[in-house]
Amino acid sequence: MTKPYVIRLSDILDRIQSYLPGADTTLVEKAYVFAAKAHAGQVRRSGEPYLSHPLAVAYTLAEMKLDLPTIAAGLLHDTVEDADVTIEDIRRLFGDSVAEIVDGVTKISNLPVRSKLHKQAENFRKMLLAMANDLRVVLVKLADRLHNMRTLEFQPEHKRRRIARETLEIYAPLASRLGIDWLKQELEDLSFMYLHPEEYRALRDEVERVVAARQDFIEEVKRIIAQKLKEEGIEGRVLGRRKHLYSIYRKLQRNNLTIDQLYLVYDIIGFRVIVQKVKECYEVLGLIHSLWKPIPGRFKDYINLPKPNMYQSLHTTVIGPGGRQMEIQIRTEEMDRIANEGIAAHWLYKEAKIIEAGSAKAGQLEWLSRLVELQKELQNPRDFIESLRMDLFPDEVYVFTPQGDIKVLPRGATPVDFAYAIHTEVGHHCARAKVNGRLVPLDYELQTGDIVEIVTASNQKPSRDWLKFVKTSRARSRIRQWLKQEEKQRILSAGREILDREFRKVKLTLSQFLDDPRAEEVVKAFSFKTMEDLIIAVGYGRLTAQQVVRKFTLLREGEEEPSEEAMVVKKPRPDRGEDTLSVEGSEDVLFHLSRCCKPLPGDEVVGYITRGRGITVHRADCPNVKTLDPERLIEVQWEASNGAIYPARLWVITADRKGMLATISGAISACEANILEAEVKTTPDKRALFNFLVEVSDRGHLDHIMQSVRQIEGVIRVERRFA
């Protein structure tokens, strides 16, 4: 979609009149005047008046052909957060509908200071609950994020990367889930540009070159299809379209291809045939297959089996002119409109109505109901954000129960995911699975069209290994809940044994302690709510049995003790850099840096409480974090560096030529880094793969090394890898 460079109120009003001729736009005009006064004197980082931002948001909403309260809310969406305005002011002047949308978009400002992750999670929770009541909330939020991404160049680099990452992981998938394809594509491409600027520029230039070289082929295919439609008396349009850059980049990554191997990607350019009637879609499919040979297994019927975001189309891949593979999509004009506009094209929003759980169309938003249900269960902010990312992932498979019921699961889902989608107890007792009548492993990846049968057994229990391959947040949540309960019982038992052993040293028993009224004073002295919490803390090693026994015996003897009970076991600090970490509210905690992901100062990290061995620190994006008990994950922070050094693994792909190892090693040494290991492999396509283990002081030091290596002629890719 297009937009004027400088948005004015008249542009918004003209746009509204184009789809709501004769509409009374007083509400929008009033919102404009209010926003102009509220933001008077405020400027953006670009130097523009702040009002330019709500104007751009409102114009995007008008482009999406939304109702007047939504556009008014777009103009007002930042007034509560950035000006001296309350939701009640908005409600009084603009009504309940506008006020509820603005409230849903406004971030929570009065959260207690804890961590950025906690604040991010709570703001997403608020947005989820608001959009469950009225999806216009998220449409305003998406328009807001789009303009912020279009003007992201004015932010500092660290903030650009953080916002781009959040956009790619949360907001672009949200746009996809809502079926707004143009918005999803622009958000993805803008995120790609800021997260991987060099790859973005190189791929953009190469795609333009390839498209220009294939122009004759594109025109030939369009001419052949158009001629065939004319011969058969079918009215329709034929389009040649280029995939957006980020989708091409993802395809290169999946197939382990480099940018100069772009010619191997057959569907950079696809074709779309748009007709008037549904039956003509299938007629055109027959015509296409009569012209060119279809590739088996590459046909998808999304007309009879629409995607959850309402997308409908036929997809087929054929061997076209010159033996080239090409993808062709066939759909009606209405399907094409919905494919681009998604939920914004739906009549529920043209009439400003709210989706209700029991409405006919609510089934298309079942994913939203699942998210709302899940956020109630997942109190750990990191676990919630991870589940949000998983549930918004757009690629899906459609599988069937033996009775013919359809289950929609994310791509890569397994029989265990399917079992939990049926019922929690079916998942817990899933022993075997049959797909299309034959036994398959529980980590088998389901494919669209599979018929899945789950065989349960009463003695079967969830396994922690299942967390390594399940893809749905529902399955992950249910497995963790079960494991948490089992772990809790084990820890309770261990804590009881440890306490009983320690009490016997002073001629007492655990039973005597538990029966004594003064036991409750011990619980309160250590700031626990229940005796069970205290025993669990002993089992985990966060509190020692000696501390409990000492406190209890002092209370029995009526003696006072200095109030210096520690909630963690005090350990001597290690020498090698671990003292640059801290846990809020605790001192002298023993940290271990995880060997699986090798975190560095500057990385976003998370701590895992081990049993009596302190805290293991992982990078937040470490795959192993997903398998850990979320109840034992805690927020940790890096403090000022103490001059320690840390190992980091680098993966470098280059053209295979003489002296490359020496050149890269020299660049690393020039950055004052020591190389601990170096491994080189060559591939048949004349590539060299280098695996380095280097010593660095922090994340900034590593980034400097990676930038230096990227500048070497012949270097194709530089990545930081897990061990």
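Residues numbered from 1 in each chain as written. Predicted model: local features only at pLDDT ≥ 70, side-chain atom pairs only at ≥ 80, totals over all residues. Heavy atoms only, no water.

Colleague: Help me understand the overall build of the protein, please; the structure alone is not making it clear to me.
Modeller: Helix and strand content of the protein: 28 helices and 21 strands. The contacts in the protein between residues at least 6 apart in sequence include a share of 66% that link residues at least 24 apart. For the protein, the accessible surface area stands at approximately 34,700 Å², while carbon and sulfur atoms represent 49% of it. (Helix = DSSP H or I, 4+ residues; strand = E, 2+ residues; numbered from the N terminus. Contact = heavy atoms within 4.5 Å. Areas by Shrake-Rupley, 256 points an atom, 1.4 Å probe, with all protein chains shown as cover.)

Colleague: What am I meant to see in the sheet that holds strand β10 (residues 438-440) here?
Modeller: With antiparallel pairing, the 3 strands of this open sheet are ordered in space as β10-β9-β11. Both edges of this open sheet fall to β10 and β11 (452-456), since each of them pairs with a single strand only. Geometrically, the sheet is characterised by an average inter-axis angle of 40° between neighbouring strands, direction not taken into account. Relative to β11, strand β9 (residues 430-435) is paired through 5 bridges, and the arrangement is antiparallel. The partner of C430 across the bridge, within β11, is T456. (Pairing = 2+ DSSP bridges. Axes fitted to C-alpha atoms, helices over the stretch in contact; angles between N-to-C directions.)

Colleague: When you look at the packing of aromatic side chains in this model, what are you seeing that I'm missing?
Modeller: How two aromatic rings sit relative to each other is set out by the distance from centre to centre and by the angle between their planes. Per the counting criterion, the structure on display carries 11 aromatic pairs. Through pairs of rings, three or more aromatic residues link up here, namely F192, Y200, Y246 and Y249. Above the face of the F94 ring, K30 is positioned so that its terminal group lies 5.3 Å from the ring centre. Against the face of F217 rests R324, its NZ or CZ located 4.9 Å from the ring centre. (Phe/Tyr/Trp six-rings, centres within 6.5 Å; stacked < 30°, edge-to-face > 60°. Lys NZ or Arg CZ within 6 Å of the ring centre and 35° of its normal.)

Colleague: Help me understand the packing of helix α11 (residues 181-195) against helix α14 (residues 245-254) in this model?
Modeller: The angle between the axes and the distance between the axes are what describe a pair of packed helices. Viewed as axis vectors pointing N to C, α11 and α14 meet at an angle of 65°, and their least axial separation amounts to 8 Å. Seen from α11, the contacting residues are E188, D189 and F192; seen from α14, they are L245, Y246 and Y249. Its residues placed into classes, the contact of α11 with α14 shows 4 nonpolar, no polar and 2 charged. (Nonpolar A, V, L, I, M, F, W, Y, C, P; charged D, E, K, R; others polar.)

Colleague: I would appreciate a short explanation of the nonpolar core in the present structure.
Modeller: For soluble globular proteins, nonpolar side chains are generally found buried alongside one another. Judged by nonpolar contacts, the single largest core of 105 residues is most densely connected at I12 and I328. Residues in contact with I12, not counting those within four places in the same chain, are I7, V28, L55, A58, Y59, A62, I71 and L75. Counting 33 residues, the second-largest nonpolar core is a separate cluster that includes V617, L650, A673 and V694. (Core = buried A, V, L, I, M, F, W, Y, C linked by side-chain atoms within 4.5 Å. Buried < 20%, exposed > 50% of the residue type's maximum accessible area, 1.4 Å probe, protein only.)

Colleague: When you look at the pattern of salt bridges in this model, what are you seeing that I'm missing?
Modeller: Pairing between side chains of opposite charge can happen when their charged atoms approach one another. This structure, assessed with the given rule, holds 30 salt bridges. Close ionic contact of E334 with R337 constitutes a salt bridge, the shortest N to O distance being 3.0 Å. Residue E334 and its partner R337 are located together in helix α16 (residues 333-341), separated by 3 residues, close to a single helical turn. Members of the salt-bridge network, linked through shared partners, are E88, R91, D96 and E100. (Salt bridge = Lys/Arg side-chain N within 4 Å of Asp/Glu carboxyl O.)

Colleague: Mind showing me how you'd approach helix α12 (residues 197-213) here?
Modeller: Residues three or four positions apart in an α-helix share a direction because the helix packs 3.6 residues into each turn. Across its 17 residues, α12 extends 24 Å between first and last C-alpha, which sits within 8% of the 24 Å expected from 1.5 Å per residue. Considered for burial, the residues of α12 that qualify are Y200, L203, E206, V207, V210 and V211. Buried residues of α12 fall within an arc of 145° about the axis and therefore sit on the same side. Of the exposed residues in α12, those oriented more than 90 degrees away from the buried face are A212 and A213. (Expected span 1.5 Å × (residues − 1). Arc of directions from axis to C-beta.)

Colleague: Would you explain a positive patch on the surface in this entry?
Modeller: There is a patch of like positive charges on the surface, built from R254, R298, K300 and R411. Its place among the elements puts R298 in the loop between β3 (293-294) and β4 (300-301). (Patch = residues over 30% accessible without salt bridge, like charges linked within 9 Å, V, L, I, M, F, W, Y side chains within 5 Å. Lys, Arg positive; Asp, Glu negative; His and termini not counted. Charge placed at Lys NZ, Arg CZ, Asp CG, Glu CD.)

Colleague: Help me understand the pairing of strand β18 (residues 646-655) in this model?
Modeller: Along any regular strand the residues' side chains alternate between the sheet's two faces. Along β18, 8 of the 10 residues are buried, which leaves the element largely enclosed by surrounding structure. Here β18 runs beside strand β20 (residues 687-696); their pairing, made up of 10 bridges, is antiparallel. If you follow W651 over to β20, its bridge partner there is N691. Here 6 bridges tie β18 to strand β21 (residues 715-721), and the two strands are oriented antiparallel to one another.

Colleague: Just checking my understanding: could you explain the side chain of H244 for this structure?
Modeller: As for its position among the elements, H244 is in the loop between β1 (236-242) and α14. On the accessibility criterion, H244 (9% relative accessible area) is buried. If sequence neighbours within four positions are ignored, H244 has contacts with K184, Q185, E188 and D189.

Colleague: Quick question: what am I supposed to make of helix α6 (residues 87-94) here?
Modeller: If you check which residues of α6 are buried, you get I87, I90 and F94. In a view along the axis of α6, the buried residues occupy a sector of 60°, so they form one face of it. Opposite the buried face of α6, by more than 90 degrees, sit the exposed residues E88 and R92. Tucked into the core, α6 has its buried residues touching α2 (26-38), α4 (68-76), α5 (79-82) and α7 (96-105).

Colleague: Help me understand the sheet that holds β20, please; the structure alone is not making it clear to me.
Modeller: Strands belonging to one sheet form pairs held by backbone hydrogen bonds; the direction of such a pair is parallel or antiparallel. Sheet architecture is open: 4 strands sit in the order β19-β20-β18-β21, paired in antiparallel fashion. Of all strands in the sheet, those bounded by a partner on one side alone are β19 (674-683) and β21. Here the average twist between neighbouring strands, direction ignored, is 20°. Lying over the sheet, helix α27 (residues 660-670) contacts β18, β19 and β20, oriented at roughly 25° with respect to β20.

Colleague: How should the confidence of the model for the protein be read in this particular structure?
Modeller: Interpretation of this model should avoid reading the predicted coordinates in detail wherever pLDDT is low. Per-residue confidence for the protein averages 81 on the pLDDT scale, and 82% of its residues sit at or above 70. Long-range and interchain partners of residues 561-579, a stretch whose pLDDT sits below 50, account for 40 contacts in this model, where long-range means more than four residues apart. Counting interchain partners and residues more than four positions distant, the pLDDT-below-50 stretch residues 584-588 has 9 contacts. (pLDDT = per-residue confidence, 0-100.)

Colleague: Before we go on, may I ask you to explain unusual backbone geometry in this structure?
Modeller: Glycine aside, negative phi is the norm for most residues, and most peptide bonds take the trans geometry. Non-glycine residue K65 carries a positive phi angle of around 60°. You can call K65 partly exposed: its relative accessible area is 30%. The backbone phi angle of K507 is positive, close to 65°, even though this residue is not glycine. Here K507 shows up in the loop between α22 (473-504) and α23 (510-515). You can call K507 exposed: its relative accessible area is 74%.

Colleague: Please clarify how the environment of R45 should be interpreted in this entry.
Modeller: Along the chain, the position of R45 falls in the loop between α2 and α3 (52-63). Note: C-alpha distance between R45 and L152 (107 residues apart in sequence) is 9.4 Å. In contact with R45, not counting residues within four places along its chain, are F154, Q155 and P156. One polar contact links R45 to Q155, side chain to side chain, over a distance of 3.0 Å. (Polar contact = N/O pair within 3.5 Å; in protein donor to acceptor, adjacent residues only side chain to side chain.)

Colleague: Even after reading the chapter, I still don't get the side chain of T151, so can you show me in this structure?
Modeller: Along the chain, the position of T151 falls in the loop between α9 (136-150) and α10 (157-177). Within the local environment of T151, its side chain forms a polar contact with the side chain of R44, the two groups lying 3.1 Å apart.

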